[in-house]
Amino acid sequence: MRKPRIALAAMAVTATLALSACGGGGGGEGGSAQGGGGTSDTIRIGIKFDQPGLGFKNGDQYTGFDVDVAKYVAKELGYPEDKIDWVSAPSANRETMLQNGQVDMIFATYSITDTRKKVVDFAGPYFVAGQDLLVPKDNTDITGPKSLNGKNLCSVTGSTSAQRVKDEYASGVNLLEQPGYAECVTAMEGGQIDAVTTDDIILAGLAAQPAYQGKFKLVGKPFSEEDYGVGIPKGSDRCEAINDAISKMIKDGSWEKALDANTKGTGYKPNAKLNPPTPAPCA
């Protein structure tokens, strides 16, 4: 991810539907190919299972923008949808899953960072999000990350979002880490926390869920740029082909169609200056 521009100013799921959260659970909830055991005619793709509008598992159906981009790229690589094994890729486990051969690629709101690039490679980006805050609808005193001193803030184990707030904006924030954003929103509904932080497109999806409509709002002042990349094992020879597929998806209109379909009704508008992005050259 790029460094935050300091001057700059998606689901909660009900208890019965809550699945493995972004930062929790193992990869064992996904497709049949795990732990490096896939077959030559299938591809194992890591996604989130609990992020509506991005990566969500409902029965045997997988939906969301990340899923749609993954399907398009996989098809360009020669793998139709019925040859994809979907694997749950929690935030805290993504690098390990790529290093251990549990997955071939990861499309899971996976921000490109220099630290992560030391152990895995990235193609893309295919989307640029911005870190923001989700607060109760009637809240008026949280206007951005600098107003979080003394507040209870929730994010997901293994993400960089909450730690950035603590390190760069509000050293006095009380940080609560949960396995997933569904748990964070549930805690906020119960009054245990004051705000949830992660990427704006994720927060928009959370707030738009039927169980929470009208209860929360986005602060609407993004304070970072999050380049969503396709995680691949270090030294993979797929980077160029993935970038070509992303560029083709953008050019033929499929990218915009997928984004519109998966953010409809959330009120979310991506940063038009940064989206659609141009994939970076492969190292």
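In what follows, the structure referred to is the one given above.
Residues numbered from 1 in each chain as written. Predicted model: local features only at pLDDT ≥ 70, side-chain atom pairs only at ≥ 80, totals over all residues. Heavy atoms only, no water.

A. Main features of the nonpolar core. Core analysis: the largest hydrophobic core is formed by 53 residues, its most contacted members being Ile 45 and Phe 127. Broken down by element, this core gets its largest block of residues, 7 residues, from helix 1 (residues 65-76). When near neighbours in sequence (up to four residues on either side) are disregarded, Ile 45 contacts Ala 70, Ala 74, Ile 84, Asp 85, Trp 86, Val 87, Val 103, Met 105 and Phe 107. (Core = buried A, V, L, I, M, F, W, Y, C linked by side-chain atoms within 4.5 Å. Buried < 20%, exposed > 50% of the residue type's maximum accessible area, 1.4 Å probe, protein only. Helix = DSSP H or I, 4+ residues; strand = E, 2+ residues; numbered from the N terminus. Contact = heavy atoms within 4.5 Å.)

B. Structural detail: the pattern of salt bridges. Within this structure, the stated rule accounts for 10 salt bridges. The residue Lys 117 makes a salt bridge to Asp 114 at a minimum N-O spacing of 3.8 Å. Judged by relative accessible area, which is 60%, Asp 114 ranks as exposed. Note that Glu 226 and Arg 164 form a salt bridge whose closest N and O atoms lie 3.4 Å from each other. With Glu 226 in strand 13 (residues 226-233) and Arg 164 in helix 3 (residues 161-168), this pair connects stretches of sequence that are 62 residues apart. (Salt bridge = Lys/Arg side-chain N within 4 Å of Asp/Glu carboxyl O.)

C. Up close: the packing of aromatic side chains. Under the criterion given, the structure shown has 12 aromatic pairs. Look at Phe 49 and Tyr 62: their rings are 5.7 Å apart centre to centre, the planes differ by 50°, and that puts the pair in the tilted class. Of the two residues, Phe 49 sits in the loop between strand 1 (43-47) and strand 2 (50-51) while Tyr 62 sits in strand 4 (residues 61-63), which places them 13 residues apart along the sequence. Each member of the pair, Phe 49 together with Tyr 62, is buried. (Phe/Tyr/Trp six-rings, centres within 6.5 Å; stacked < 30°, edge-to-face > 60°.)

D. Examining the packing of helix 1 against helix 6 (residues 239-251) more closely. The N-to-C vectors of helix 1 and helix 6 enclose an angle of 120°; their axes lie 9 Å apart at closest approach. When the axes of helix 1 and helix 6 are compared, the pair comes out oblique. Here the hand of the crossing between helix 1 and helix 6 comes out right-handed. Across the interface between the two elements, Asp 68, Val 69, Tyr 72, Val 73 and Glu 76 of helix 1 pack against Ile 242, Ala 245, Ile 246, Lys 248 and Met 249 of helix 6. (Axes fitted to C-alpha atoms, helices over the stretch in contact; angles between N-to-C directions. Parallel < 35°, antiparallel > 145°, perpendicular 65-115°, else oblique. Left-handed = near helix turned anticlockwise from the far one by under 90°.)

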